[in-house]
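# Descriptive structure summary
What follows is the residue order along each chain.
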Amino acid sequence: MTRMPDDFLFGAATSAGQIEGAATEGGRGDSIWDVFARRPGRIAGGATPATACDHFRRYRDDVRLMARLGIGAYRFSIAWPRVIPRGYGAVNRTGLDFYDSLTDTLLEHAITPLATLYHWDLPQGLQERGGWPVRDTARYFADFAEQVVRRLGDRVPLWATLNEPHVAAHLGHEHGVHAPGLRGLGTALQAAHHLLLAHGLAVEVLRDLAPRARVGISVNVAPVHAAGDGDADQAAAARADGYFNRWYLDPLLRGAYPEDLTDAYRELDLLPEVHEYDLAAIAVPVDFVGVNYYFRYLVAADGGDGTGLRQRELGFRVLDAGGAGSRERTAMNWEVYPEGLTEAVLRVTRDYAPAAIYLTENGAAYDDDPGADGDFDDRARQAYLHAHLEAAGAALEAGAPLRGYFVWSLLDNFEWQHGYRKRFGLVHVDFRTGARTPRRSALWYRDAIAAGGVP
Ligand code: IFM
């Protein structure tokens, strides 16, 4: 039996742009994802986030459902364009009212709220002014944070400033597969710097306006393993680790960009513009690091051939999405590699010594396999969660300051460029009717929570 400490938070996570829907209601403005999804060919099946899970209207039922499952904490995000429709200028009180009521509903059900301020839904109005590659966006983010924290700061005890800045910067600005669909490593690095700066400014706002809140950031941390023992693959893996992990963790938790990558980017003339006090602002102390864990990367030197995601400038290749070998894979084609969770958490513990760590996301998409009686018999997801909770227990045992675990995701939802085709939910959503049905894994999670761990 892996038993978690008594005060361990067992949670579930979602994000506004993936579940709320009601894209044009209550005064909400367009986000970059609304605009991106309207461009032909960007999202599988031509899907848009306009309706999603209709959580905006159904949130009370969704909170009740969480309470029935015994879920103790809920990580949700605040849609910036619902609060400040253009990203700057007028504040939309109706938008704030929604999060106010969501927070109260959670508290009435004894569910601890963890609010994320930015989970990728930049207001389109700011994209039209240049978006994250432009420095002012960080300042506008601090203004947005101020509005939200003034309203919710007295009741939300846990805050994450950003979700996965690497993904927002690189998938959106280097690879072009996420909104806003730009392509250029230099643009991505400038966007990344402003995202990190936005984090630092928002932490300051939180400290001022909600001094009792515990504040952190959710970063995706993926172990990077070299495909071979040779020097070329080992060096490629070190560069890839810099690109995926250290470029974010180091400035946040050590106040400096990593030297090896700084040298590499300087040679490529890709270094972002960094102002004198930016790194001090970025490295403002946090109370916790949120680790989002899904997979490891298996990396080889880029010989110019082969398959897998190629990072041309740094000369490495990821040997297919999320690993290799003959292990089981999820519907995202991500390798199931629970020991990577232990490794990621222990690495953050060892290299950065944070006060606390929350696993702010972990979970899996699987195609549905409805059981004979029509229920959702997702044994693969149950096994996945079981193995990853055990891996979390192993990290705790080895001394990591792990304080909670949030399953991604509570509900099937809008999985970005994959539309509604990839289902991550503990709870199945029928996107025609909106009906919610807890899967077998949800009931298993309920029992694990009640037992305080996994058998
Ligand atoms: O759905 C996403 C989420 O928005 C961010 N982390 C990874 C999840 C699964 O891809």
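Located above this text is the structure these notes cover.
So, here's what we can say about the structure. (Residues numbered from 1 in each chain as written. Predicted model: local features only at pLDDT ≥ 70, side-chain atom pairs only at ≥ 80, totals over all residues. Heavy atoms only, no water.)

### Description of the pattern of salt bridges
- Going through the model one piece at a time under the given rule, you end up with 38 salt bridges.
- Residue Glu-146 is joined to Arg-150 by a salt bridge in which the shortest nitrogen-to-oxygen separation is 3.0 Å. Remark: Arg-150 and Glu-146 occur in helix α7 (residues 136–152); sequence separation between them is 4 residues, near one turn of the helix.
- A salt bridge links Arg-310 to Asp-302, with the nearest nitrogen and oxygen atoms 2.5 Å apart.
- Overall, Arg-310 belongs to the partly exposed group, its relative accessible area being 39%.
- Looking at Asp-302, the relative accessible area reads 18%, which means it is buried.
- Several salt bridges share partner residues, and in doing so they unite Asp-97, Asp-100, Asp-104, Arg-151, Asp-154 and Arg-155 into one network. (Salt bridge = Lys/Arg side-chain N within 4 Å of Asp/Glu carboxyl O. Helix = DSSP H or I, 4+ residues; strand = E, 2+ residues; numbered from the N terminus. Buried < 20%, exposed > 50% of the residue type's maximum accessible area, 1.4 Å probe, protein only.)

### Observations concerning the side chain of Thr-105
- Relative to the helices and strands, Thr-105 resides in helix α5 (residues 93–108).
- Not counting the four nearest positions on each side in its chain, Thr-105 is found in contact with Tyr-59, Arg-60 and Val-63. (Contact = heavy atoms within 4.5 Å.)

### Structural notes on helix α8 (residues 165–173)
- Of all the 9 residues making up α8, 8 are buried; the element is thus mostly covered by neighbouring parts of the structure.
- Of all the positions in α8, only Pro-165, His-166, Val-167, Ala-168, Ala-169, His-170, Gly-172 and His-173 are classed as buried.
- Of the surrounding elements, those touching the buried residues of α8 are β5 (158–163), α9 (185–209), β6 (214–220) and α10 (231–254).

### Here we look at α7
- In this model, α7 (17 residues) spans 24 Å end to end at C-alpha, consistent with the 24 Å of a helix rising 1.5 Å per residue.
- All buried positions along α7 are accounted for by Thr-137, Ala-138, Tyr-140, Phe-141, Ala-142, Phe-144, Ala-145, Val-148, Val-149 and Leu-152.
- Of the surrounding secondary structure, the elements contacted by the buried residues of α7 are α4 (80–83), α5, β4 (112–118), α6 (124–127), β5 and α9. (Expected span 1.5 Å × (residues − 1).)

### Examining the nonpolar core
- Counting 157 residues, the largest nonpolar core has Trp-80, Tyr-99, Tyr-118, Phe-141, Trp-159 and Tyr-445 as the members making the most contacts within it.
- No other element matches α9, which puts 13 residues into this core. (Core = buried A, V, L, I, M, F, W, Y, C linked by side-chain atoms within 4.5 Å.)

### What about the sheet that holds β5?
- Sheet architecture is closed into a barrel: 8 strands sit in the order β2-β3-β4-β5-β6-β8-β12-β13, paired in parallel fashion. Recorded for the sheet is a direction-independent mean angle of 25 degrees between the axes of neighbouring strands.
- Where α9 meets the sheet, its contacts fall on β4, β5 and β6, and the angle it forms with β5 comes to roughly 165 degrees.
- Sheet strands touched by helix α14 (residues 379–397): β2 (9–13), β12 (357–362) and β13 (402–408). Its angle to β13, the strand with the most contacts, is close to 165 degrees. (Pairing = 2+ DSSP bridges. Axes fitted to C-alpha atoms, helices over the stretch in contact; angles between N-to-C directions.)

### Some points on the environment of Ala-191
- Within the secondary structure layout, Ala-191 lies in helix α9.
- Here the alpha-carbon distance between Ala-191 and Ala-168, two residues 23 residues apart in the chain, equals 8.4 Å.

### Quick look at the packing of aromatic side chains
- This structure, assessed with the given rule, holds 35 aromatic pairs.
- Judged by centre distance (5.1 Å) and plane angle (85 degrees), the rings of Tyr-59 and Phe-98 are edge-to-face. Of this pair, Tyr-59 sits in helix α3 (residues 55–68) while Phe-98 sits in helix α5, and the two are 39 residues apart along the sequence.
- We classify Tyr-59 as buried; its relative accessible area is 7%.
- Ring centres of Tyr-118 and Trp-132 lie 5.2 Å apart, and the angle between their planes is 70 degrees; on these two criteria the pair is classed as edge-to-face. Here Trp-132 lies in the loop between α6 and α7 and Tyr-118 lies in strand β4, a separation of 14 residues in the sequence. Each member of the pair, Tyr-118 together with Trp-132, is buried.
- Cluster of aromatic residues (ring-pair linked, three or more members): Tyr-243, Phe-244, Tyr-294, Phe-295, Tyr-297, Phe-316, Trp-334 and Phe-424.
- Above the plane of the ring of Tyr-88 lies Arg-129, whose end atom (NZ or CZ) is 3.6 Å from the centre. (Phe/Tyr/Trp six-rings, centres within 6.5 Å; stacked < 30°, edge-to-face > 60°. Lys NZ or Arg CZ within 6 Å of the ring centre and 35° of its normal.)

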